Each structure stands twice: as C-alpha cells, then as structure tokens.
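Residue-level structure breakdown
What follows is each chain in one-letter form.
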Amino acid sequence: MKFLDSSRKNTRYQKPVWIDIADRFPDDRDCLAAFIAFEAAEVLDGVKPSTLINLPDRPRRCGKNMFRIWKEHGEDIIRESSLEGTVLVERTGSLLLLLYDRAALSRLLSNRGALTILRRAGYPAMNNVAVLLSEFASRFASGGVPHEIGLILGYPLKDVAGFMGLSRREFSCQGPWKIYGDPGESLMLAETHRQCRCRMAGRLVSGCRPYECLGVPSRPIARTERGFLSI
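Described below are features of the structure shown in this document. (Residues numbered from 1 in each chain as written. Predicted model: local features only at pLDDT ≥ 70, side-chain atom pairs only at ≥ 80, totals over all residues. Heavy atoms only, no water.)

Section: the pattern of salt bridges
- This model, assessed by the stated rule, comprises 14 salt bridges.
- Close ionic contact of Arg102 with Glu84 constitutes a salt bridge, the shortest N to O distance being 3.1 Å. One end of the pair, Arg102, is in helix α4 (residues 102-108); the other, Glu84, is in strand β2 (residues 84-91), and 18 residues separate them in sequence.
- The buried category is assigned to Glu84, whose relative accessible area is 8%.
- The shortest N-O distance in the salt bridge between Arg139 and Glu135 comes to 3.1 Å. Residue Arg139 and its partner Glu135 are both found in helix α6 (residues 129-141); the two are separated by four residues, about one turn of the helix.
- Members of the salt-bridge network, linked through shared partners, are Glu39, Glu42 and Arg197. (Salt bridge = Lys/Arg side-chain N within 4 Å of Asp/Glu carboxyl O. Helix = DSSP H or I, 4+ residues; strand = E, 2+ residues; numbered from the N terminus. Buried < 20%, exposed > 50% of the residue type's maximum accessible area, 1.4 Å probe, protein only.)

See the structure below:
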C-alpha cells in the first residue's frame, strides 16, 4: 500500500486516511476501536498530548455512522484503552471528542510558555487537567474554536503564539497547522505525526487487533482512575 512506503519522495502527500482501512472492520465496535486508534495514533505514540475528532451524525464514506456507534460503545472503549476522553461540545447532529494522555497534559501545565499563552488568552491559573478541559469545553460551547486549542493538540508554542498574534514571528508556511518563524522544527514534527499514522495504519492492515493498538492495559484499572471524563 502506497501510504506505508516511507522511502518514497513527497511522503507528505501519502498520509493515510481512514477509508483506506475501514472495510477491514465490519463489526461496529471493532470499527470504532480501530477508528479511534487510527485517529489518536500520535497520542498513543506519545508524540502529542491530545487529538480532536469531529463525529457528525451521518454515515462516513465507509458507510459507518461513527456518531451513533460512539453513543453505543464509545465510553466503554475509552475506559478499556490507555487513552482518556471527553466530549468538548455536543450539538444537534455532531459532537467534538477530545482524546488525550493525562500525563502529557499535566506536563503541559508545568510549561511556563504554555501557561503564559493561556493567561494571555484569559484563562484562570491552571494546575489541574480537569479544570483546563472544563474551560476549553466552556469556550467551545460559546461558539467557535478557541485559537489556543493548538496548545493541547501539541503544536509548537511559537506557532500557537504566532497564530494568536502574541509574537512578532511572521507566517512562514502552511502545514497541517499555520507555521510561524523558522519552519524546520514544525515541519519535522508534522512529519513525525504523519509517520505515527502510517505505522498505525500498517498495524491495523496487518491484522493487529484494534484493542491491542489502543494499548489496553495489562492489568485492570478502576474506572475512577482514568477513562472518560464528563464535563
């Protein structure tokens, strides 16, 4: 499959997409687990702290309605995985799901640069992941997408600050996000994200069970320890 060949030139045009592998998972629960593993590949690899997934209430190109399947199986799948999750906002016909690594978000809250950006965006003092996510949910609910969301999605601080108009760095190029200043580091990170998706697609295509890809813990973990956060 072309998207698995990382030796070819112009690899940025070969990023895998869900439709490439969706037909391998006819069972609804398995399909959703594989979809989550694919969409959260960078988080599962420890490369970024979280990812956002929009689930509209309509069939995707693969024929599955992930919104409806999520309603039936989503929270149980997250509780059984190494991820945590929360619905940031739900509107008629769609929901916006945030999947995250709590330890990575906690480290973000100890980063002085990230805290400076949050403070300048009007956030209260932050020392708790639940408070941070609650504030993001509140801002999504009021309409629009808060520009500072790039922080928890793992974008470089310089690019988030540039996009928010908080730095003097000029826009330099368009990648998966808007890049400001020297693009080298940002483009390398974007390529790392792409490689995570390619590896996850390869695992799913080669027959790895979706729940293994989701990093199901080897020991039972109480639901109160981690899992799905209701805001």
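Details of the packing of aromatic side chains
- Following the criterion strictly, the structure yields six aromatic pairs and no others.
- Seen in terms of ring centroids, Trp18 and Phe25 are 6.4 Å apart; in terms of plane orientation they differ by 15 degrees. Their pairing is stacked.
- Judged by relative accessible area, which is 5%, Trp18 ranks as buried.
- The exposure class assigned to Phe25 is buried, which follows from its relative accessible area of 9%.
- Between Tyr155 and Trp177 the ring centres are 4.6 Å apart and the planes differ by 20 degrees, which places this aromatic pair in the stacked class. One end of the pair, Tyr155, is in the loop between α7 (149-152) and α8 (157-163); the other, Trp177, is in the loop between β4 (171-174) and β5 (178-180), with 22 residues separating them in the sequence.
- Aromatic ring contacts, followed pair by pair, group Trp18, Phe25, Phe35 and Phe38 into a single cluster.
- We note Arg139 situated over the ring of Tyr123; from NZ or CZ to the ring centre the distance is 3.8 Å. (Phe/Tyr/Trp six-rings, centres within 6.5 Å; stacked < 30°, edge-to-face > 60°. Lys NZ or Arg CZ within 6 Å of the ring centre and 35° of its normal.)

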